[in-house]
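Letter by letter, the chains look like this.
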Amino acid sequence: MADVDPKLLEILVCPLTKTSLRYDREAQELISEAAKLAFPIRDGIPIMLVDEARAIDAA
Amino acid sequence: MVNTPLFDRKILVTKRTRALPRLGEHDFLLRHAGDVLSDRLDDIKRDFPTVLQIGARDHDDFTSTIKDRAHAQHITRMDIAPAYLRAGDTHGDEEFLPFAHQSLDMVVSNLSLHSVNDLPGALIQMRRALRPDGLFLASMFGGETLYELREAMAHGEAAISGGISPRVMPFADKPQMGDLLSRAGYALPVVDSDIVTVTYDNIFKLMHDLRAMGESSIIAQRVKHFTTRRFFAAVQDYYAAHFSDPDGRIRASFEIIYLIGWAPHSSQQKPLKPGSAQTRLADALGTQEESL
């Protein structure tokens, strides 16, 4: 499995809120706490589309 | 958000994806505009360490040339159609740009921004993602693109159904683009264009080429009912009568607009405040100053 480019992780933000993302390596997801969305990473490609993101419960 | 967007971006993804396998035989406009952008970058003697390429349909030669001439350490490509992407790229949407404030030194985009619904919004998001003195360098189709087909289709449809509907995508006009860049906060904007004229046997060859480029219309309100053979015959007749060469081939125009803008920085030249002049204009011109 292709790992995501670390340089890319430094510059990506949530497309909705423009706030920083938390990288969940295990789940291969980029978590936007502000938007409560998890953006999947597939084959080393972050999918930064709101339509494709998983809604996460407000904890 | 706009209630009814002009362009259907889901259809755009479908059309771009369908075009991928044979794009290499139909990418002459991408290559032409890409070469112009590469030349423009060659004139700018600066290093741009971190580069975002918006739109990933280009041949790899484009990306590597841009990377070389920008002296980039890192280039990431972003596209809305995942079929064009590989590891290291980003699947994203220009209308919801996922790049951090002041994280990029350059944004380059070749023939991609003409299919964006909210162009001012996309330009502002790109400018914010640029570091101060960062470069925006882009090409997009302009308003003169396919004016022959637009006119022929309007006449063909009016002749047969008595009405017209939008069948050819609208494109931004060059004079508006300079204003748009300024309003989006870019400093020192430069806008110019060229026209590429292509000849075809008939409108069917032209429309085939547009589909193969992934550039057929994505208007959300496009005509979805069956289009009759009579309509296409009328369009072909009008087109051939008005826009053909002596040898009978029809001409199609593609206007490509080239855009350069900079994220503002204190080192850039700016107009002085009114009334702050140190020398009189009349002295510089060697004339006598007269009151109006």
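Please refer to the structure placed before this passage.
Cut-offs applied
Residues numbered from 1 in each chain as written. Chains lettered and ligands numbered in written order. Predicted model: local features only at pLDDT ≥ 70, side-chain atom pairs only at ≥ 80, totals over all residues. Heavy atoms only, no water. Patch = residues over 30% accessible without salt bridge, like charges linked within 9 Å, V, L, I, M, F, W, Y side chains within 5 Å. Areas by Shrake-Rupley, 256 points an atom, 1.4 Å probe, with all protein chains shown as cover. Salt bridge = Lys/Arg side-chain N within 4 Å of Asp/Glu carboxyl O. Helix = DSSP H or I, 4+ residues; strand = E, 2+ residues; numbered from the N terminus. Expected span 1.5 Å × (residues − 1). Buried < 20%, exposed > 50% of the residue type's maximum accessible area, 1.4 Å probe, protein only. Contact = heavy atoms within 4.5 Å. Pairing = 2+ DSSP bridges. Axes fitted to C-alpha atoms, helices over the stretch in contact; angles between N-to-C directions. Buried area = accessible area lost by both parts, 1.4 Å probe. Polar contact = N/O pair within 3.5 Å; in protein donor to acceptor, adjacent residues only side chain to side chain. Nonpolar A, V, L, I, M, F, W, Y, C, P; charged D, E, K, R; others polar.

## Quick word on a nonpolar patch on the surface
On the surface, Leu-16 and Val-50 of chain A together with Phe-96 of chain B cluster together to form a nonpolar patch covering roughly 220 Å² of accessible area. You can see Phe-96 of chain B is positioned in the loop between strand S3 (90-91) and strand S4 (104-110).

## Examining helix H8 (residues 229-242) of chain B
All names here are of chain B. The end-to-end C-alpha distance of H8, which contains 14 residues, comes to 20 Å, matching closely the 20 Å that a straight helix rising 1.5 Å per residue would cover. Regarding H8, the residues found buried are Phe-231, Val-235, Gln-236, Tyr-238 and Tyr-239. Looking at the buried residues of H8, the elements they touch are helix H5 (147-161), helix H7 (203-212) and strand S7 (250-262).

## Considerations on the sheet that holds strand S5 (residues 130-141) of chain B
Residue and element names in this part refer to chain B. The sheet built from 7 strands is open, its strands ordered S3-S2-S1-S4-S5-S7-S6 with mixed pairing. Of all the strands in the sheet, the pair left with one neighbour each is S3 and strand S6 (187-200). Here 6 bridges tie S4 to S5, and the two strands are oriented parallel to one another. The residue bridging Leu-104 from the neighbouring strand is Leu-130, located in S5. Sheet strands touched by helix H4 (residues 119-129): strand S1 (50-54), S4 and S5. Its angle to S5, the strand with the most contacts, is close to 145 degrees. Strands S5, S6 and S7 of the sheet are contacted by helix H6 (residues 174-183), whose axis makes an angle of about 150 degrees with S6.

## A look at the interface of chain B and chain A
Accessible area lost on assembly of the parts is the figure often given for the size of an interface. Across the contact, 21 residues belong to chain B and 18 residues belong to chain A. Interface of chain B and chain A: buried area, both sides summed, is about 1500 Å²; carbon and sulfur atoms make up 66% of it. Taken as a group, His-74, His-91 and Pro-98 of chain B account for 34% of the area that chain B buries against chain A, more than any other trio of residues on that side. In this assembly, chain B and chain A are joined by 1 salt bridge. Between Asp-51 of chain A and Lys-10 of chain B there is a salt bridge, with its nearest N and O atoms 3.4 Å apart. Counting every contact that joins chain B to chain A gives 9 residue pairs in polar contact (both at pLDDT 80 or more). Of all the secondary-structure elements, those providing two or more residues to the side of chain B that touches chain A are strand S2 (74-79) and S3 of chain B. In terms of residue class, the side of chain B that touches chain A is made up of 8 nonpolar, 9 polar and 4 charged.

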